[in-house]
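# Report on the structure
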Amino acid sequence: MEPLWKLLYLLEPAPVTLLLTAVAVTFGSALRSLNYGKEMEQNCDLSEASITLDRSKALMIPIMSSCSLLLMFYLFSFVSQLLTAFIAIASTSSLFFCFYPCVMYLKSQLGLLDPYMSRYCSKSFTLLQGLLLLLCIGIVAAWLVSGHWLLNNLLGISICITFVSHVRLQNIKICTMLLVCLFVYDIFWVFFSERFFGANVMVSVATQQASNPVHTVANSLSLPGLQLITKKLELPVKIVFPRNLFGGVVPGISADFMMLGLGDMAIPAMLLSLVLCFDHRKSRDSVNPLDIPSAKGYKYIWYALSGYAIGLVTALAAGVLTQSPQPALLYLVPATLGPIIVVSWIRNELTELWEGTMPDLNDKAHLTEV
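Okay, so let's go over this structure. (Residues numbered from 1 in each chain as written. Predicted model: local features only at pLDDT ≥ 70, side-chain atom pairs only at ≥ 80, totals over all residues. Heavy atoms only, no water.)

### Observations concerning the overall build of the protein chain
Assigned secondary structure in the protein chain consists of 11 helices and 8 strands. Across the 370 residues of the protein chain, 45% fall into the buried class. Total accessible area on the protein chain is roughly 18600 Å²; 67% of this is exposed by carbon and sulfur atoms. (Helix = DSSP H or I, 4+ residues; strand = E, 2+ residues; numbered from the N terminus. Buried < 20%, exposed > 50% of the residue type's maximum accessible area, 1.4 Å probe, protein only. Areas by Shrake-Rupley, 256 points an atom, 1.4 Å probe, with all protein chains shown as cover.)

This is how it looks when you write it as structure tokens:
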């Protein structure tokens, strides 16, 4: 155990930036999920709006995650290039999903023309959609060539937002079941996997670098500029920040980067998305998520978001003091789920949250866009 004064290192640029980024991404994911659900329901396109997890699907997530973790642990070198290609395609789609609302906002504000280009392909799309797709492909291509950590973070954040927007929870009961299972999952694979598999499986998989298929192809074809293409890639399954960001130095795990897995943002963001929808349904007089006061006090989203920030700070502090990897969900699950359950019980709304289903966001009282 390190002395407590080393907690001052949490004030260094790297951990502060990691904390602020994670909180912003978690809240942004929940907000995008709410808006996306409203858009799909208003367009009567419910089939593409989301995948709602029931009890069986929620229980399958930690099981499938464990199987995938072991597969990556033993066979990563054999599937890394295929996995990189798959992630590149998924990242392109995720970037498009995240940037498209911004493009539409600029289009409406600037009055830009956006003609359809249906005659050039089987499925119609607009000029702005085509340009945006080219931009997303360019960003992914730049990541494949350079492997820069900023691009890695951008892709990872877009994947997180897209996942939370398309995968939803029915109620707090299903959410609690999922979070508790993943709570146990994270603790086992970080703290106890070494006893069974001879190495820390979670850390080994998280820190492995994938072979770059672009470098492999360029090398086999003897293309010029080969030295400019990185041989190994950090896959965007986590956000990373250099420990010496802006000259700061943070003690901890012997690595050049601080990291946080996408699951440590996406899973709590699913809870935030659920309570944000609940807040939205309750606030018939105001649907602005940033309108903090409500009829019974603060909205649930702010309790969950504050708990997430506190839990993440606790996880970072534990990592500094113990000089070892920490399962972030060990701290994030109680810090986010606990306040929601306690506050809803005090407000006599726990039953409604516990057994309730996703609200109909297309209700006449909720047609105002967030």
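So that's the structure; there's more coming.
### Focus on the pairing of strand S5 (residues 238–242)
Most of S5 sits out of view: 5 of its 5 residues are buried. Burial along S5 is two-sided: Lys-238, Val-240 and Pro-242 and Ile-239 and Phe-241, pointing in opposite directions, are all buried. As paired elements, S5 and strand S6 (residues 257–261) share 5 bridges and run antiparallel to each other. Paired with Ile-239 across the bridge in S6 is Leu-260. (Pairing = 2+ DSSP bridges.)

### Considerations on the side chain of Ser-94
Tracing the backbone shows Ser-94 in helix H2 (residues 55–110). Take Ser-94: its relative accessible area is 6%, and that puts it in the buried class. The contacts of Ser-94, once residues within four sequence positions are left out, are Ser-158, Ile-159 and Thr-162. (Contact = heavy atoms within 4.5 Å.)

### Considerations on the side chain of Ser-158
On the secondary structure map, Ser-158 appears in helix H4 (residues 149–166). The exposure class of Ser-158 is buried, given its relative accessible area of 3%. Leave out the neighbours within four places in its chain, and Ser-158 touches Ser-91, Ser-94, Leu-95 and Cys-98.

### Some words on the environment of Phe-78
If you trace the backbone, Phe-78 turns up in helix H2. With 132 residues separating them in the primary sequence, Phe-78 and Ala-210 have C-alpha atoms 9.8 Å apart.

### Digging into the state of the cysteines
Taken as a whole, this structure holds 0 disulfides when the rule is applied. Take Cys-102: it sits in no disulfide, and the sulfur closest to it among the cysteines is that of Cys-98, at 8.6 Å. (Disulfide = S-S within 2.5 Å.)

### Things to note about the nonpolar core
Judged by nonpolar contacts, the single largest core of 92 residues is most densely connected at Trp-143, Ile-239, Leu-260, Met-265, Met-270, Val-275 and Tyr-308. Take this core: its biggest share by element is 12 residues, from helix H8 (residues 263–282). Those residues in contact with Ile-239 that lie beyond four places of it in its chain are Leu-18, Thr-21, Asn-153, Ile-157, Met-258, Met-259, Leu-260, Leu-262 and Met-265. (Core = buried A, V, L, I, M, F, W, Y, C linked by side-chain atoms within 4.5 Å.)

### Description of the environment of Trp-189
Locating Trp-189 in the fold gives a position in helix H5 (residues 172–197). Judged by its relative accessible area of 5%, Trp-189 is buried. Remark: the alpha-carbon pair of Trp-189 and Val-203, spanning 14 residues in sequence, is separated by 8.6 Å. In contact with Trp-189, not counting residues within four places along its chain, are Ser-66, Leu-69, Leu-70, Phe-197, Asn-200, Val-201 and Met-202.

### A closer look at the packing of helix H3 (residues 127–146) against H4
Packing of H3 against H4 leaves a shortest axis separation of 9 Å and a crossing angle of 135 degrees. With respect to H4, the axis of H3 lies oblique. In terms of crossing hand, the pair formed by H3 and H4 is left-handed. Taken together, the residues of H4 that come into contact with H3 (itself represented by Ile-139, Val-140, Ala-142, Trp-143 and Ser-146) are Leu-151, Asn-152, Leu-154 and Leu-155. Residues of the contact of H3 with H4, tallied by class, amount to 7 nonpolar, 2 polar and no charged. (Axes fitted to C-alpha atoms, helices over the stretch in contact; angles between N-to-C directions. Parallel < 35°, antiparallel > 145°, perpendicular 65-115°, else oblique. Left-handed = near helix turned anticlockwise from the far one by under 90°. Nonpolar A, V, L, I, M, F, W, Y, C, P; charged D, E, K, R; others polar.)

### Topic: the packing of aromatic side chains
The final tally for this structure, using the stated rule, is 11 aromatic pairs. Between Tyr-36 and Phe-97, the ring centres sit 5.0 Å apart and the planes meet at 80 degrees, which makes this aromatic pair edge-to-face. Note that Tyr-36 is positioned in helix H1 (residues 13–42) and Phe-97 in helix H2, a separation of 61 residues in sequence. Geometrically, the ring pair formed by Phe-96 and Tyr-100 is stacked, given 5.6 Å between the ring centres and 15 degrees between the ring planes. Taken together, the residues span about one helical turn, with Phe-96 and Tyr-100 both in helix H2 at a distance of 4 residues. Looking at Phe-96, the relative accessible area reads 21%, which means it is partly exposed. Three or more aromatic residues joined by ring pairs make a cluster, and in this case those are Phe-188, Trp-189, Phe-196 and Phe-197. One Lys or Arg, Arg-32, reaches over the ring of Phe-97 and ends 4.2 Å from the middle of that ring. The residue whose ring lies beneath Arg-347 is Tyr-300, and the NZ or CZ to ring-centre distance is 4.8 Å. (Phe/Tyr/Trp six-rings, centres within 6.5 Å; stacked < 30°, edge-to-face > 60°. Lys NZ or Arg CZ within 6 Å of the ring centre and 35° of its normal.)

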